[in-house]
Amino acid sequence: MAGIYTGDKQISGDLEQAKIVSKKKPHRDLDLSLKIHPIRKDIIPLKDDAAIKNAVKNLLISNFYERPFQSDLGANLRGLLFEPAGILTNIQMRDNIRFCVEKYEPRVSVDSIDITDVVDENRYKIEVFFTIKEFSTQDSVEIVLRRLR
Amino acid sequence: MATNLNVTELDFADIKNNLKNFLKQQSEFNDYDFDGSGLNVLLDILAYNTHYNALNAHYSLNESFLDSAQIRGNVVTRAKLLGYTPRSVLSPRATVNITVTAPDTFSGTLNTTLTLPRGTKLTTQITGDEFQYVVLETQTATLVGRTYTFSNVVIVEGDARELKYRVDNDIENQKFQLSDFDADTSTLRVRVQENEESTGSDLYTKFETLRGVDSTSKVYYLQENPSGYYEIYFGDGVTGFKPSNNNIVTIDYVTTKGVESNGANAFSLVDNLLAGTTQAVTLVSAAAGGAEAETLESIRFNAPLTFIAQNRAVTSDDYASIIKKEFSNIDSISTWGGEDNDPPDYGKVYIAIKPLLADTLTTAEKTDITGAILKGKNVVSITPEIVDPNFTYLELDVFFKYNPNLTDRSSVELSSVVRDTITDYNFNNLNKFDGVFRHSQLTRAIDNCDPSILNTIVRPRMFQNITPVNNADNNFDLTFSSPFFQSGDSKSFLLTSTAFKINNVDHFFGDEPIAGSTKRNVIVYKVVNQVNTTVIADAGEIDVDNGKITLNKFRPDTTDVIKITVVPNSLDLAPKRDQLISIDNSSVIITPEIDTIATSGSAGSINYSTTSRFKS
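Residues numbered from 1 in each chain as written. Chains lettered and ligands numbered in written order. Predicted model: local features only at pLDDT ≥ 70, side-chain atom pairs only at ≥ 80, totals over all residues. Heavy atoms only, no water.

Re the confidence of the model for chain A
Residues and elements named next belong to chain A.
At step 1: With 83% of its residues at a pLDDT of at least 70, chain A reaches an overall mean of 83.
At step 2: Looking over chain A, one finds the lowest element-wise mean pLDDT in strand 1 (residues 3–5), namely 45, and the highest in helix 3 (residues 87–104), namely 94.
At step 3: Counting contacts from residues 1–7, a segment whose pLDDT is below 50, to residues more than four positions away or on other chains yields twelve contacts. (pLDDT = per-residue confidence, 0-100. Helix = DSSP H or I, 4+ residues; strand = E, 2+ residues; numbered from the N terminus. Contact = heavy atoms within 4.5 Å.)

Remarks on the interface of chain B and chain A
Reports of interface size often rely on the accessible area that becomes lost once the parts have come together.
At step 1: Opposite the 19 residues of chain B that make contact, chain A presents 23 residues.
At step 2: Together, the buried faces of chain B and chain A total about 1800 Å²; carbon and sulfur atoms form 57% of this surface.
At step 3: Summed over the three residues of chain B that lose the most area to chain A, namely B:F29, B:F34 and B:D35, the buried surface amounts to 29% of that side.
At step 4: Inspection of the chain B/chain A interface yields three salt bridges.
At step 5: At the boundary of chain B and chain A, one finds 13 residue pairs in polar contact (both at pLDDT 80 or more).
At step 6: Elements with a contribution of two residues or more to the side of chain B that touches chain A: helix 1 (12–23) and helix 2 (38–63) of chain B.
At step 7: Broken down by element, the residue count for the side of chain B that touches chain A peaks at eight residues, all from helix 2 of chain B.
At step 8: Across the side of chain B that touches chain A, the residue classes break down as seven nonpolar, seven polar and five charged. (Buried area = accessible area lost by both parts, 1.4 Å probe. Salt bridge = Lys/Arg side-chain N within 4 Å of Asp/Glu carboxyl O. Polar contact = N/O pair within 3.5 Å; in protein donor to acceptor, adjacent residues only side chain to side chain. Nonpolar A, V, L, I, M, F, W, Y, C, P; charged D, E, K, R; others polar.)

Notes on the packing of helix 7 (residues 411–429) of chain B against helix 8 (residues 439–448) of chain B
All names here are of chain B.
At step 1: Direction vectors running N to C along helix 7 and helix 8 enclose 140°, while the axes themselves pass 9 Å from each other. Relative to helix 8, the element helix 7 lies oblique. For the pair helix 7 and helix 8, the sense of crossing is right-handed. Two secondary-structure elements touch here, helix 7 through V418, T421, I422, Y425 and N429 and helix 8 through Q441, L442, A445 and I446.
At step 2: Tallied by class, residues from the contact of helix 7 with helix 8 come to six nonpolar, three polar and no charged. (Axes fitted to C-alpha atoms, helices over the stretch in contact; angles between N-to-C directions. Parallel < 35°, antiparallel > 145°, perpendicular 65-115°, else oblique. Left-handed = near helix turned anticlockwise from the far one by under 90°.)

Digging into the sheet that holds strand 10 (residues 202–206) of chain B
Residues and elements named next belong to chain B.
At step 1: With respect to topology, seven strands assemble into an open sheet ordered 7-13-9-10-11-12-8, the strand pairing being mixed. Strand pairing shows two members of the sheet lacking a second neighbour, strand 7 (159–166) and strand 8 (176–177), which therefore form its edges.
At step 2: Sheet topology note: the strand 10/strand 11 (residues 219–224) ladder contains two bridges and is parallel. For T205, the partnering residue across the bridge sits in strand 11 and is V219. (Pairing = 2+ DSSP bridges.)

Pasting the structure below:
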């Protein structure tokens, strides 16, 4: 009997239905910038890789104790902004980013992290390269850490 | 899948989970389960807001009820609805006589009277710390010979404070605050004068009851405000007189250190009443009654009781709650109706009070309770009668077996630990009107006080002390808290006593059975050639079943204390009415013994000895 194994049950018969079952569930998230669609006059949801990229970015810019009752959520990068700009802080940032993304964003795996210490401008430029597991595509998020004034 | 939003949860995580379950019903957004998603940030805010409101509602509701409120201001406000004002810190009060004597060399003029003003300072010391006392009421003494004598002057510990306020009726419900946390409101005096220039003033009394209060009544109301200070306010012109604009309110009171100087008994005057004279202070009653401000738990406990009593003493419990509220020098109190007295005494209510620092109340304190505190609150035909507590003392024979391999304490040290345990038991469980001597509780406490103690035997005996008058017939009625142990018509004495002299010879009390009765006859005997010889055959009676001993017709030579000892029928002893049970520490005999079986196994059983239940 012809069939497709979907992981938890054997589906037999109508293969068209099997296609529907195996269809990927799209990722849809709320864009916190709340941009309005010019025609539909509704907010524009973020979809799939854009939604995942946005989630990674949200995690990286979150500091410890920012989210209520989840004190360790976030990469706490801003918390390291005023630490001495050296190798130790650099390592700490990498650890924080890896730990945070692994723990809170299971949809991606971090490939590499690029941290540039722009001493003259008192800022860090951080670029995180990751693979979206579901789509096997690579993407990156860039964050610039600098003091407000 | 949830079809509705569940609203029963209170914790942040549960609320957030409910929101997630709710979102599972829609397909517009489905990233809510990932912590980095924008939707998750929104859920955090929603859940936090819900949690915040739930917590706020929870706290607000808790603070709305007397039983659950935690903030003192709220407890006090709830108690106020029940007509209850929490008791402030109280200063210890002592009574003294003060004499001022002019020497023969006195050069000034001696007036016929001398005034001892309110606020006159005295001083005392307790364990090296100095405390100031002040005279509470102005008193006047007349010159007799060259001496002025102020009798029964009430002095209280603390500093006399005076505050003046101007009445401004433009302020709605103007309150006048006592600006000290440690103000003793029982010393409060409120006077109102017309204006700053006027010399006379009206004395206002504290509002107690609506009865007889009208628009002309000079009363003030006292309450504790949410900041913890006491404040007073006046009537609205209907219920109590309303002072006019620009009247001056003078409030004076004493600030105190509370319990710290309880027991002070040696005072000397600091202020000089009349220059060139000799001043002496003699004690009438030592300082007592100092107490801390009422605690939250105490307010919670007493406010409903006072509300139930409605400031009326009807049931016996009402008497206890009113006296406890108004009189602080109480360690333990027991009240019972005359119908429950032995013998019944209808038309009376009996009150027994064990004060904090003494065994009995002073006559002045008793008069204060039956007069100022209970008068006007008790039912007209019922007379309150204050009786002194009746102590039944216990002497204990304590035997314990121990395994020396399980402790590094010596037998003397173990005995000391056991003695401390018994002292603690006496302090924590006895000396109260509801303090039952529970035999197993005490043996358990001794067993547990050191791991090496294996078993304990405690033999309690009850005793009371009597102080006879010499060369006259003495009569005593002793009531013990328990029936006596009697084995049939035993010829052995139930009662034993210490020796007392008659014609300079040692005599003792003993007893013998009465044929056909459970009662026994008390005799007085002396020992002649090692034989008991009865001297007085009918020196009283023992009511074995009711635990009573009557002694009469004995005339000792001396007034030495005689100790009368009996064995209780039960190992547990429960006090009734005015009875208190107390372990006499000096009569506790502790005997440690090494447990030979525990140390040597079955070989030790040969020398193993046990202890008799009865004293030989």
